[in-house]
Amino acid sequence: MESAPEQVEKRLTRTPRVVVTRHLMPSVEERMGELFDVTLNGEDRPLTRDELVDAMQTCDVLVPTVTDRVDGDMIAEAGDDLGLIANFGAGTEHLDLKAAHDRGIMVTNTPGVFTDDTADLAMAGIIGVPRRIREGVQLIRSGEWTGWTPTALLGTKLAGKVLGIVGMGRIGQAVAHRARAFGLRIAYHNRKRLPEAVERMFDAAYVENLDDLVAQADILTLHCPATPGTHRLIDERRIGLMKPGASLINTARGDLVDQEALIAALENGHLSGAGLDVYPDEPNVDERLIRHPNVMTLPHIGSATREGREESGLKVIANIRMWADGHRPPDQVLTGLG
């Protein structure tokens, strides 16, 4: 294997060979074509494991997305020239960061780009589930609506209700900012308590114990990463602690929730509804969720805005260019391993 100085010298003297695993915004792909020796995915289908390994054996830079799981065994098979995994998106749980670090492969991501977009979509669920928006849309589309009545499709008022936010990072804070305008009371749980000044800004109450937050919330919204410690964080026991008639919103990662326990609570009426943009076995969505009258099932579109997807692609380009020039990219993922 070449030494680090030899690798830097090589990439300074040739156009980086870049493989992009999914179709990106046309303006981003066009710019990549101008700057790099790029291989694009015109079919826009997830690459197989073997195809990913083949790409990693021949490129200098791999640009994966959340649909590409790159594990340690795959990284072990990577070619000596692979020096950068420039992830499209902020999440990196689909990448084995330790294996990349051990091979001397840098990893970058695109943080902060989709904060507002994801918060907007979370608010759609926070508003839409208590107000039974999905049921209303279905009623109109079925042709069975007979007109306004005083007791039809009664939902729940938002003002004064407790919004429990699990994970008060960028997105959680953006949700809190929006939710205040609807009169919701903000309570949150986080690994670390926010500074007092930030809590005052959102009028947010810190709840140290997650069980206590779950029990207080009328609406529980999830904004934490997928890690071994958060796998099925909202399990059968915690769902049982939720208030009767409460609702759950998840725009983060599907495996944060025990799906079977969630479905059981929806079917027995313990929970009034759910707003879901992510699932544990994407793209498969359980039919029981689809059939439930007050579950908003969305196809992982939290970051799906033209502006956000273009900005994320431009961040990828910036990271590759800085790396290719021998500099530290602005969005290097620090693993704490070295």
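Residues numbered from 1 in each chain as written. Predicted model: local features only at pLDDT ≥ 70, side-chain atom pairs only at ≥ 80, totals over all residues. Heavy atoms only, no water.

1. Looking at a negative patch on the surface
Stated formally: Any residue with relative accessible area above 30% and no salt bridge may belong to a patch, with like charges joined within 9 Å and the nonpolar Val, Leu, Ile, Met, Phe, Trp and Tyr side chains within 5 Å. The Shrake-Rupley method, run with a 1.4 Å probe sphere, supplies the accessible areas, and residue values consider only the shown protein chains as cover. In the sections that follow, a salt bridge refers to a side-chain nitrogen of Lys or Arg positioned within 4 Å of a carboxyl oxygen of Asp or Glu. In summary, the charge assignment counts Lys and Arg as positive and Asp and Glu as negative, without counting His or the chain termini. In this description, the location of a charge corresponds to atom NZ of lysine, CZ of arginine, CG of aspartate or CD of glutamate. Numbering of helices and strands runs from the N terminus, with a helix taken as a DSSP run of H or I at least four residues long and a strand as a DSSP run of E at least two residues long. Partly exposed residues are those whose accessible area sits between 20% and 50% of the maximum for their type, while under 20% is buried and over 50% is exposed, using a 1.4 Å probe and protein chains only.
A surface patch of like charges, here negative, comprises Asp50, Asp54, Asp73 and Glu77. Examined against the element boundaries, Asp54 turns out to sit in helix H3 (residues 49-58). Judged by relative accessible area, Asp54 falls into the partly exposed class, the value being 45%.

2. Considerations on the packing of helix H6 (residues 115-128) against helix H8 (residues 170-180)
Definition in use: To obtain an axis, a line is fitted to C-alpha atoms, over the contacting stretch when the element is a helix, and the angle between two such axes runs from 0 to 180 degrees between their N-to-C directions. Should an angle lie under 35 degrees it is considered roughly parallel, over 145 roughly antiparallel, and from 65 to 115 roughly perpendicular; all remaining angles are considered oblique. Here is the rule for handedness: rotate from the far helix to the near one, and if that takes an anticlockwise turn smaller than a right angle the crossing is left-handed, while a clockwise turn gives right-handed. By definition in these notes, contact holds between two residues if any of their heavy atoms fall within 4.5 Å.
Taken N-terminus to C-terminus, the directions of H6 and H8 make an angle of 50 degrees; their axes are 9 Å apart at the nearest point. Of the possible angle classes, the one that applies to H6 and H8 is oblique. Crossing angle aside, the handedness with which H6 passes H8 is right-handed. Contacts from Thr115, Asp116, Thr118, Ala119, Asp120, Ala122, Met123 and Ile126 in H6 reach Arg170, Ile171, Ala174, Val175, Arg178 and Ala179 in H8.

3. Observations concerning the side chain of Asn294
Quick reminder of the rule: Each polar contact in these results corresponds to two N or O atoms within 3.5 Å; when the atoms are within protein, one needs to be able to donate a hydrogen and the other to accept it, and residues that are neighboring in sequence are counted only if both atoms are side-chain atoms.
Inspection of the secondary structure puts Asn294 in the loop between helix H13 (287-291) and strand S12 (295-297). For Asn294, the side chain forms a polar contact with the main-chain oxygen of Ser272, separated by 3.1 Å. The residues contacting Asn294, other than those within four sequence positions of it, are Val129, Arg132, Glu135, Ser272, Gly273 and Ala274.

4. What about the UniProt feature "domain: D-isomer specific 2-hydroxyacid dehydrogenase NAD-binding" (unreviewed entry) in the protein?
Quick note on the threshold: UniProt positions are given in the numbering used here, feature names are shortened, and annotations may be inferred rather than shown by experiment.
UniProt's feature table lists "domain: D-isomer specific 2-hydroxyacid dehydrogenase NAD-binding" (unreviewed entry) at residues 125-302, given in the numbering used throughout. Summarising residues 125-302: 33% helix, 17% strand, and an end-to-end C-alpha distance of 11 Å.

5. Topic: the UniProt feature "domain: D-isomer specific 2-hydroxyacid dehydrogenase catalytic" (unreviewed entry) in the protein
UniProt records the feature "domain: D-isomer specific 2-hydroxyacid dehydrogenase catalytic" (unreviewed entry) for residues 18-333 in the present numbering. With 38% helix and 15% strand, residues 18-333 has end C-alpha atoms that lie 19 Å from one another.

6. Here we look at the pairing of strand S11 (residues 271-276)
Put simply, the rule reads: Orient the strands so they point away from the viewer; a crossover is then right-handed if the path from the first strand over the helix to the second runs clockwise. Pairing between two strands is assigned when DSSP locates at least 2 bridges connecting them.
A large share of S11 lies buried, amounting to five of its six residues. Each parallel crossover has a hand, and the one from strand S10 (residues 246-250) via helix H12 (residues 259-267) to S11 is right-handed. Across three bridges, the pairing between S11 and S12 is parallel. In the sheet register, Leu276 faces S12, and the bridge partner there is Thr297.

7. Side note on the sheet that holds S12
If you trace the seven strands from one edge of the open sheet to the other, you get S8-S7-S6-S9-S10-S11-S12, paired in parallel fashion. Sheet topology places strand S8 (204-206) and S12 at the edges, where each strand pairs with a single neighbour. Mean inter-strand twist for the sheet, computed between neighbouring axes without regard to direction, equals 20 degrees. Where H8 meets the sheet, its contacts fall on strand S6 (162-166), strand S7 (185-189) and strand S9 (219-222), and the angle it forms with S6 comes to roughly 170 degrees.

8. Quick word on the nonpolar core
Most often, soluble globular proteins keep nonpolar side chains buried together rather than apart. Stated precisely, the cut-off is as follows: Nonpolar core, defined: a set of buried Ala, Val, Leu, Ile, Met, Phe, Trp, Tyr and Cys residues in which side-chain atoms within 4.5 Å join the residues together.
Core analysis: the largest hydrophobic core is formed by 31 residues, its most contacted members being Val166, Leu220, Leu222, Ile234, Leu262 and Leu271. Those elements giving two or more residues to this core turn out to be S6, helix H10 (210-216), S9, S10, H12 and S11. Every residue in contact with Val166, bar those within four places of it in the chain, is listed here: His189, Leu210, Leu213, Leu220, Thr221, Leu222, His223, Cys224 and Leu233.

9. What to know about the pattern of salt bridges
Enumeration over the complete set of coordinates arrives at 23 salt bridges. Residue Asp60 is joined to Arg14 by a salt bridge in which the shortest nitrogen-to-oxygen separation is 2.3 Å. Within this pair, whereas Asp60 is found in the loop between H3 and strand S3 (61-63), its partner Arg14 is found in the loop between helix H1 (4-12) and strand S1 (17-20), the two being separated by 46 residues in sequence. On the basis of relative accessibility, which here comes to 4%, the residue Asp60 falls in the buried class. Ionic pairing is found between Glu260 and Arg288, a salt bridge with its closest N-O pair at 2.6 Å. With a gap of 28 residues between them, Glu260 in helix H12 and Arg288 in helix H13 connect regions that are remote in the sequence.

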